[in-house]
Amino acid sequence: MRFLTPSGFGMTTQNLSFRAKRGNSKVKRKTIEMKDKRVRSDVGGRFLTAFGMTVSVVLMFLLTSCGKNIDYKGLFFTFNESVNERFAESMEYNEQHGYDVYTGIPDEYEVYAMSDIHVDFSTNNLDRYVSDYLADTMAPPFSLCLGDVINATGHWDYFADHVKPVTDAGRKIYYAVGNHDLYFDQWPEFKSRFHTSTYWFEVQTVSGFKDLYIALDSGNGTLGVDQREWLENILKTKRNEGLRHIVVFTHTHLFKKDSSQGHTSNFNLEETYDLADLFDRYDVSLVLQGHSHSRDLTTFKDVVYLRVDALEDHYPDAYYTILSIGENINYNFVKIN
Ligand SMILES: [Fe+2]
């Protein structure tokens, strides 16, 4: 009688060998041939895997070495300008054109703000925002947009056509650049239309109060070293000019407190600590953010962080925001649909 016993399940090689009863040379030879085949095939597979991994690592090294601005998430799409390069281009524009100052504004005024419009093939909510803002004859001649103007490439003209009534009426929208405004090499488009992504403007009221608005470029989820240094210098300089409020507006939110924001990215923790400390030290009143498409109102060290809703069409809870600026700042959230 002959005995064949399966053994070795769960091992890394082909996992089935046979132990032959001592003395049966025919079965022994067959077993050795089968093992040999399996071992050779396994060595070939491991070699290919190791070769593939080596090629991948070398490619990643080469790509990231020659493209310091490469975005890992967009590795196969584009080489974007870094935030430091965008900041340098913004400063170049600012130095040539200066900063806006509004005078004669009432002591209490209302600022319209929208975010995350993601225009692609419709502009219903954007049109509603523009028409409401223009119908408000008491509103000041400026409003804010916190970024993600378009959803992807190719819709800039469409967006521009639908905000044109604002400029036709002699009013202005101040923009913060969003991540969707940068994807697929869109910085040149943003820059050609809005010129700068880091800047400030000032509002002087009839009784002499002064409010400072600072736009920050956080489209990549970081301010970068140069913009961070500029920010502190501006805060230090302007804080000594007797301001009533400092309002910072940017796209990426600082705090991610729960899972309501899904997969959206935010600043890393170290930068969040640093900026929160900076805003506290220079007595910033309000930090406006978008990006997550979900509203959140948080006060941290006496600084209010308001993350506003998205205005995107077909979004189940599309809102824009009206800020009432006076001795205090209050908020009104206007539902669109
Ligand atoms: Fe967005």
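Placed above this text is the structure.
Residues numbered from 1 in each chain as written. Predicted model: local features only at pLDDT ≥ 70, side-chain atom pairs only at ≥ 80, totals over all residues.

Visitor: Requested: an account of the nonpolar core, with residues and values cited.
Guide: Ala113, Val248, Phe249 and Leu288 are the most contacted members of the largest nonpolar core, which has 60 residues in total. Once residues lying within four places of it in the same chain are set aside, the contact partners of Ala113 are Ser143, Leu144, Leu146, Leu288, Val308, Tyr320, Thr321 and Leu323. (Core = buried A, V, L, I, M, F, W, Y, C linked by C-beta atoms within 7 Å. Buried ≥ 20, exposed ≤ 12 C-beta atoms within 10 Å, placed from the backbone. Contact = placed C-beta atoms within 7 Å.)

Visitor: Talk me through the sheet that holds strand β6 (residues 172-175); I want residue IDs and the actual numbers.
Guide: With mixed pairing, 5 strands are arranged side by side in an open sheet as β6-β5-β4-β13-β14. Only two strands of the sheet have a single neighbouring strand rather than two, namely β6 and β14 (329-335). Adjacent strand axes in the sheet meet at a mean angle of 30°, parallel and antiparallel pairs treated alike. Pairing of strand β13 (residues 319-325) with β14, which is carried by 7 bridges, proceeds in the antiparallel orientation. In the strand pairing of β14, Ile322 is matched with Asn332. (Pairing = 2+ DSSP bridges. Helix = DSSP H or I, 4+ residues; strand = E, 2+ residues; numbered from the N terminus. Axes fitted to C-alpha atoms, helices over the stretch in contact; angles between N-to-C directions.)

Visitor: Provide a residue-level description of the pairing of strand β12 (residues 303-307), including the pertinent values.
Guide: For β12, a buried count of 4 out of 5 residues is recorded, marking the element as mostly surrounded by other parts of the structure. For strand β10 (residues 286-289) and β12, the ladder comprises 4 bridges, and the chain directions are parallel. Across the sheet, the residue bridging to Val287 is Tyr305, located in β12. Hairpin connection, strand β11 (residues 296-300) to β12: the antiparallel pair is bridged by 2 residues, and Lys301 has positive phi, about 55°.

Visitor: Lay out the environment of Glu81 with the relevant residues and their values.
Guide: Summarising the element assignment, Glu81 is placed in the loop between α1 (25-66) and α2 (83-97). Glu81 gets classed as partly exposed once you count the C-beta atoms within 10 Å, which come to 18.

Visitor: An account of the sheet that holds strand β8 (residues 210-215) is requested, with residue identities and associated values reported.
Guide: In space, the 7 strands of this open sheet follow the order β3-β7-β8-β9-β10-β12-β11, with mixed pairing throughout. Edge strands, defined here as strands with exactly one partner in the open sheet, are β3 (100-105) and β11. Adjacent strand axes in the sheet meet at a mean angle of 15°, parallel and antiparallel pairs treated alike. Relative to strand β7 (residues 199-205), β3 runs parallel, the two sharing 4 bridges. Bridging across to β7, Val101 finds its partner in Glu202.

Visitor: Hey, could you go over the packing of helix α3 (residues 124-135) against helix α4 (residues 156-168) for me, with residue numbers and the actual values?
Guide: For the pair α3 and α4, the least separation of the axes is 10 Å and the interaxial angle reads 5°. One finds that α3 runs roughly parallel with respect to α4. Where α3 approaches α4, its residues Leu126, Asp127, Val130, Tyr133 and Leu134 are matched on the opposing element by His162, Val163, Pro165 and Val166. Classifying every residue of the contact of α3 with α4 gives 7 nonpolar, 1 polar and 1 charged. (Parallel < 35°, antiparallel > 145°, perpendicular 65-115°, else oblique. Nonpolar A, V, L, I, M, F, W, Y, C, P; charged D, E, K, R; others polar.)

Visitor: Break down the packing of α2 against helix α6 (residues 224-239) for me, with residues and values.
Guide: The geometry of α2 relative to α6 is characterised by a closest axis approach of 6 Å and an angle of 45° between their N-to-C directions. As summarised for this structure, α2 and α6 are arranged oblique, according to the angle between their axes. Residue-level inspection shows Val83, Asn84 and Phe87 of α2 in contact with α6, the latter providing Gly224, Val225, Asp226 and Gln227. Considering only residue class, the contact of α2 with α6 consists of 3 nonpolar, 3 polar and 1 charged.

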